[in-house]
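This is what each chain is made of:
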Amino acid sequence: VLVATAARLGAEASDRSYRKEFSRNYRILFPDSKRRYRVDVLEASLEQLDCFWVNGVQFKLCEQVMNAGDALTAAWRDLGDLLRRWASGRRGRSA
C-alpha cells in the first residue's frame, strides 16, 4: 500500500545506495535500492527503544539511529494525520 501510494503521489524514492554497506543479514532483508518497508523497523521506532537483543546479545543504538527513529515516527504520524484529513474530506463530498 505504501509503495502504491508513493507512486500515485509521484514521490521520488530516496537514495538507498548506503544499503551496499549493510551486513549480509541486512542485505537479505534489503537486497536492492527499491522501496522496502519492514514492520519490525517501524515498531522499534514507535516504541523508542534504545537497545535490542539478538541471541542473548544486547545491541545499543547510537544517537544517530535514535534520531532517525524519531524522524521516522514523526513522518509516520504526519502521514496518518494527512490520510485522516483526506478521508474526512472525501466523506464530506460523498454526502
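Preceding block: the structure.
Just so it is clear, the structure is predicted and the values come from calculations on it, not from any experiment.

Rules of the game
Residues numbered from 1 in each chain as written. Predicted model: local features only at pLDDT ≥ 70, side-chain atom pairs only at ≥ 80, totals over all residues. Heavy atoms only, no water. Helix = DSSP H or I, 4+ residues; strand = E, 2+ residues; numbered from the N terminus. Buried < 20%, exposed > 50% of the residue type's maximum accessible area, 1.4 Å probe, protein only. Lys, Arg positive; Asp, Glu negative; His and termini not counted. Salt bridge = Lys/Arg side-chain N within 4 Å of Asp/Glu carboxyl O. Contact = heavy atoms within 4.5 Å. Pairing = 2+ DSSP bridges. Phe/Tyr/Trp six-rings, centres within 6.5 Å; stacked < 30°, edge-to-face > 60°.

A. Examining the side chain of Arg16 more closely. Locating Arg16 in the fold gives a position in the loop between helix 1 (2–9) and helix 2 (24–29). Although buried, Arg16 forms no salt bridge, and the nearest oppositely charged side chain, Asp32, lies 7.7 Å from it. Those residues within four positions of Arg16 in sequence are excluded, and the remaining contacts are Ser33, Lys34 and Arg35.

B. Fine view of the pairing of strand 1 (residues 51–54). Direction of pairing for strand 1 relative to strand 2 (residues 57–60): antiparallel, over a ladder of four bridges. Its bridge partner being in strand 2, Cys51 is matched across the sheet by Lys60. What sits between strand 1 and strand 2 in their antiparallel hairpin is a turn of two residues, with Asn55 showing a positive phi close to 50°.

C. Summary view of the packing of aromatic side chains. Using the criterion set out here, one finds four aromatic pairs in the structure. Centroid distance Phe22 to Tyr26: 6.1 Å. Interplanar angle 70°. Geometry classified as edge-to-face. With relative accessibility at 40%, the residue Tyr26 sits in the partly exposed group. Each ring, one from Phe52 and one from Phe59, has its centre 5.4 Å from the other, and the planes form 20°; the classification is stacked. According to the relative accessible area criterion, Phe59 is partly exposed, its value standing at 38%. Through pairs of rings, three or more aromatic residues link up here, namely Tyr18, Phe22, Tyr26 and Phe30.

D. The pattern of salt bridges, seen in detail. For the structure shown, the criterion picks out four salt bridges. Here Asp32 makes a salt bridge to Arg36, at a shortest N to O gap of 2.7 Å. Residue Arg36 is classed as partly exposed on the basis of its relative accessible area, which comes to 33%. Note that Lys60 and Asp50 form a salt bridge whose closest N and O atoms lie 2.8 Å from each other. Taken together, the positions of Lys60 in strand 2 and Asp50 in the loop between helix 3 (39–47) and strand 1 put the pair 10 residues apart, joining distant regions of the chain. You can call Asp50 partly exposed: its relative accessible area is 35%.

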